[in-house]
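If you want the building blocks of each chain, they are given just below.
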Amino acid sequence: KTKLIANELKQIYSLKQISVTREILPVGLKIKLKYRIPVAFAEKVEKGIKVAGFVDKEGIFIEKKFYGNKDNYNFPVKIFGWNKKHARIISEIIKIYNNSNDLEVINISPEGFIMLEDKKLQNILLGYKSSDTSEKLNLIFDIKKQLMNQKIQKKIKNLDLTDPANPRIKVFIP
């Protein structure tokens with residue numbers, strides 16, 4: 001029964017870890033909770049209704065009503081179109097951008113097309129979730145490094161990585 005209680009609490013409150021143990025003397029239950037720590041704002045659509053919340057570094061959605069710290073809503077990243085099937089890729093994106101504050105938005109269409117908004121590269125088109133998504137994410141930082149080394153001053157408008165073998169950059173020229 002204690003495992004059943006733990007699993008139910010995990011699902012309802014988006015808790016990371018729960019330990020429920022029965023104590024004989026004194027009679028009772030001992031419950032230890034480990035909360036998920038949000039790293040981004042998030043929005044998902046559930047039964048046609050937009051649900052606001054947050055996402056932790058593992059890509060797990062936390063409904064706003066279950067986040068206890070109402071004073072700390074200062075997250076630099078926003079995620080639109082969160083879906084459970086995209087949690088792994090969202091986690092991967094968040095982790096690869098961990099040491100950079102360039103990521104602003106992760107946008108996932110209902111069909112699963114992934115687009116990032118980056119401070120330096122503007123719009124990054126990753127395309128649909130696939131086996132080469134990790135390669136595409138690594139390409140972003142390789143391309144940024146090359147652009148910095150070449151001291152290119154033009155404003156990048158769009159980086160298209162839908163075909164990682166043939167990345168395309170659109171530049172804004174005034």
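Residues numbered from 1 in each chain as written. Predicted model: local features only at pLDDT ≥ 70, side-chain atom pairs only at ≥ 80, totals over all residues. Heavy atoms only, no water.

Draft legend 1. Broad picture of the nonpolar core. Of all hydrophobic cores here, the largest spans 30 residues; its most connected members are I79, I93, I106, L116, I124, L126 and I140. In this structure I106 touches K78, I79, F80, I90, I93, I94, M115 and L116, once residues within four positions along its chain are discounted. (Core = buried A, V, L, I, M, F, W, Y, C linked by side-chain atoms within 4.5 Å. Buried < 20%, exposed > 50% of the residue type's maximum accessible area, 1.4 Å probe, protein only. Contact = heavy atoms within 4.5 Å.)

Draft legend 2. The pairing of strand β6 (residues 78-82), seen in detail. Two elements, strand β3 (residues 38-46) and β6, share four bridges in a ladder whose sense is parallel. Bridge pairing links F41 to K78 in β6. Of the strand pairs in this sheet, β6 and strand β7 (residues 103-108) are connected by three bridges, and their pairing is parallel. Note on β7: the bridge partner recorded for F80 is N107. Crossover handedness for the path β6 to helix α2 (residues 87-96) to β7: left-handed. (Pairing = 2+ DSSP bridges. Helix = DSSP H or I, 4+ residues; strand = E, 2+ residues; numbered from the N terminus. Right-handed = clockwise from strand over helix to strand, strands pointing away.)

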